[in-house]
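Residue-level structural notes
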Amino acid sequence: MARIVLQNSDITRALTRISHEILESNRGADDLVILGIPTRGVVLAERIGAQIRQIEPGAPVDIVGSLDVTMYRDDLAHHPTRAPQRTRVPSDGIDGKTVVLVDDVLYSGRTIRAALDAIGDLGRPRAVRLAVLVDRGHRELPIRADFVGKNLPSSTDERINVRLAEIDGNEEVSLDLATGAIS
């Protein structure tokens, strides 16, 4: 049985807080690039970008993109993967910019390691930060999020399900027992 841990209003509040924290950390929206990791990280990045433009009216319009990390993963032989998706970088690129990676759930850190490798092929940012909706712990690599919507300690036998209206038709984060699967 799934237990709802974040509802629509909780997700909205978390993304609003993350948006403010990103702006505060970066001292505004100048030289900022937000890259969402498919699938749900892209939706979250777009929402954060919209919030940033609302908070900072002078913020550049073209700061959000997507970064597909499929072919950079080190576990392709062990786990089935989805078809690679398109990487889209804002027109000014990432060189010399602060790049904020956005993902839905931070777990082992392997997706973020792959994202760092992918970023290296795109350019040389001034800094890379990480924003996640949920940090569930159980890191296998020394990776930590700079901006977190909800810290949600969980067991490895539990699954975190993030559902977003644009993809799933409803909006919630739930926790339920699973057989070794992660979301």
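Residues numbered from 1 in each chain as written. Predicted model: local features only at pLDDT ≥ 70, side-chain atom pairs only at ≥ 80, totals over all residues. Heavy atoms only, no water.

**Quick word on the overall build of the protein**
What counts is decided by this rule: By the criteria applied, helices consist of DSSP H or I runs no shorter than four residues and strands consist of E runs no shorter than two, each listed in order from the N terminus. A simple rule labels every residue: compare its accessible area, found with a 1.4 Å probe on the protein chains alone, to the largest value its type can have, and call it buried under 20%, exposed over 50%, or partly exposed in between. We call two residues in contact when some of their heavy atoms are within 4.5 Å.
When its secondary structure is counted, the protein shows 4 helices and 8 strands. Listing every helix and strand of the protein by position from the N terminus yields β-α-β-α-β-β-α-β-β-β-α-β. If you line up the protein on its principal axes, its C-alpha atoms span 45 × 40 × 30 Å. Scored against the burial criterion, the 183 residues of the protein give a buried share of 48%. Considering only intrachain contacts with a sequence separation of at least 6, the fraction spanning at least 24 residues in the protein is 67%.

**Notes on the UniProt feature "short sequence motif: PRPP-binding" (unreviewed entry) in the protein**
Filter applied, for reference: UniProt positions are given in the numbering used here, feature names are shortened, and annotations may be inferred rather than shown by experiment.
UniProt feature "short sequence motif: PRPP-binding" (unreviewed entry): in the numbering of this structure it lies at residues 99–111. When the span residues 99–111 is considered, its composition is 15% helix and 62% strand, and the gap between its end C-alpha atoms is 16 Å.

**What about the packing of aromatic side chains?**
Defined as follows: Here the aromatic set is Phe, Tyr and Trp, taking the six-membered ring for Trp, and pairing holds for ring centres within 6.5 Å; pairs whose planes are under 30 degrees apart are stacked, those over 60 apart are edge-to-face, and all others are tilted. Placement of a positive charge over a ring is assigned whenever Lys NZ or Arg CZ falls within 6 Å of the ring centre and within 35 degrees of the normal to the ring plane.
For the structure on display, the rule yields 0 aromatic pairs. Positioned above the aromatic ring of Tyr 107, the side-chain terminus of Arg 136 is 4.1 Å from the ring centre.

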